[in-house]
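Residue-level structural notes
Residue-level listing of the chains:
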Amino acid sequence: MHSLKLVIADDEPLARERLRTLLAGDAGVEVVAEAGDGSEALEACARHQPHAVLLDIAMPGMDGLEVARRLAGSDPATAVVFCTAYDEHALSAFEAAAIDYLVKPVRPERLAAALGRVRAFLAGRGNAVPAQRRTQLCARLRGSLRVIPLEDVRYLQAEEKYVVVHHARGQDLIEESLKSLEEEFGDLFVRIHRNCLVARRELSELRRGPDGHVQALLRSGGPALEVSRRCVPVLRQALQQP
C-alpha cells in the first residue's frame, strides 16, 4: 500500500489544523479532505474513498457515531479512528467498530499508534476477521467511561470481582478478570502473583523484603509488590530481556 489516505472530520477548525500538523511529519500519510460535520464527512468519504477517517463525535447535525455506523457498511470499509474531547463515548465507539479512540488533546504517539492499527487492519482486510487488539482499557467512572491507554498502565491487581488498574493518572476499577487480561495482553504484562500483573516495561528489579519475601520494584516508583515464589524464575528471565 502507498500513502495512507485520510479524511479529517471535526467541526472545530483548530482541531483539524492540529491533526494536520501532527500528520505533517508522516510521509506515508495524505490528507485528502476535511469535513466540518457528519454529512460532509460521509460525502468526503464517498468522493475520495479514504483508507481511514479521523472522526470527532460531537458535531452539528449527524454525529460521529452515526457516521461510523454508516461507514461500517461501506465496501471497501473505511477505518474509523475517533478523536474526541470526551471519554464517555468509548463503549459506543467500539460498538460502532472503531479501530481506535483518541482523547483530545491527541498525543503524537497515540496518533501514530492508531495509524499503525489502521495499517494492520487494512493489511488483514481480506481475512474474515481482521486481527484487532485494544490499545486501551475502559473503566466506569460515575456513570461514564474513562479511557486508560495501555501505555499508561503500570500494573493490574485483582480485588474481589474487579481489577484495579494502576496507571499514570491514578487508579480505576474495571469489570474484567485478571486471567482474560493476561490472555489478551500477555506480551505486555507479566504475572508476579496470583492477583497481580505488571507491565513488562515497568519491571526494574527484584529484591528480598524484610519479611523474606521477594518483591518487585517498578521504574515509575510506588510500592514494592509481592512476588510469589513460582513467578520468580519468569520475572528474572523477563528482567534479562532487552
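Please refer to the structure higher up on the page.
In what follows, the accompanying structure is described. (Residues numbered from 1 in each chain as written. Predicted model: local features only at pLDDT ≥ 70, side-chain atom pairs only at ≥ 80, totals over all residues. Heavy atoms only, no water.)

On to the pattern of salt bridges. Counted under the stated rule, the structure contains 13 salt bridges. A salt bridge links Glu66 to Arg70; its shortest N-O distance comes to 3.1 Å. With Glu66 and Arg70 both in helix H3 (residues 64-72) and 4 residues apart, this pair spans about one turn of that helix. Note that Glu183 is salt-bridged to Lys179, the shortest N-O span being 2.5 Å. Of the two residues, Glu183 and Lys179 are both situated in helix H6 (residues 178-184); the distance of 4 residues between them amounts to about one turn of the helix. For Glu183, a relative accessible area of 58% gives the class exposed. Salt bridges sharing common partners tie together Arg107, Glu109, Glu151 and Asp152. (Salt bridge = Lys/Arg side-chain N within 4 Å of Asp/Glu carboxyl O. Helix = DSSP H or I, 4+ residues; strand = E, 2+ residues; numbered from the N terminus. Buried < 20%, exposed > 50% of the residue type's maximum accessible area, 1.4 Å probe, protein only.)

H3 packs onto helix H2 (residues 38-48) with a crossing angle of 25° between their chain directions and a minimal axis gap of 9 Å. In terms of orientation, H2 lies roughly parallel with respect to H3. Considering only the axes of H2 and H3, their crossing is right-handed. The segment H2 lies against H3, with Gly38, Ala41, Leu42 and Cys45 engaging Val67, Arg70 and Leu71. Here the contact of H2 with H3 is composed, by residue class, of 5 nonpolar, 1 polar and 1 charged. (Axes fitted to C-alpha atoms, helices over the stretch in contact; angles between N-to-C directions. Parallel < 35°, antiparallel > 145°, perpendicular 65-115°, else oblique. Left-handed = near helix turned anticlockwise from the far one by under 90°. Contact = heavy atoms within 4.5 Å. Nonpolar A, V, L, I, M, F, W, Y, C, P; charged D, E, K, R; others polar.)

Glancing now at the packing of helix H1 (residues 13-23) against helix H5 (residues 108-123). Two numbers describe how H1 lies on H5: the axes approach to 10 Å, and their chain directions differ by 75°. The orientation of H1 relative to H5 falls into the category roughly perpendicular. Seen from H1, the contacting residues are Leu19, Leu22 and Leu23; seen from H5, they are Pro108, Leu111 and Leu115. When its residues are assigned to classes, the contact of H1 with H5 shows 6 nonpolar, no polar and no charged.

On to the pairing of strand E13 (residues 203-208), then. Two faces belong to every sheet, and in a regular strand the side chains alternate between them. Where E13 and strand E14 (residues 214-218) come together, 5 bridges link them in antiparallel fashion. Residue pairing for E14: Glu205 is matched across the bridge by Leu217. Between E13 and E14, which pair antiparallel one after the other, the connecting turn spans 5 residues, and Gly212 there sits at a positive phi close to 90°. (Pairing = 2+ DSSP bridges.)

Take the sheet that holds E14 next. Ordered by their spatial adjacency, 3 strands build an open sheet running E13-E14-E15, and the pairing between neighbours is antiparallel. Looking along the sheet, the strands with just one partner apiece sit at the ends: E13 and strand E15 (225-226). With respect to the sheet, helix H7 (residues 232-240) is in contact with E13 and E14, its orientation differing from that of E13 by roughly 135°.

Sheet architecture is open: 5 strands sit in the order E10-E9-E8-E12-E11, paired in antiparallel fashion. Each edge of the open sheet is held by one strand with a lone partner, namely strand E10 (170-174) and strand E11 (189-193). This sheet shows a mean twist of 25° between the axes of neighbouring strands, independent of strand direction. Examined bridge by bridge, strand E9 (residues 162-167) and E10 share 5 bridges and lie antiparallel to one another. Bridging from a neighbouring strand, Val163 pairs with Ile174 of E10.

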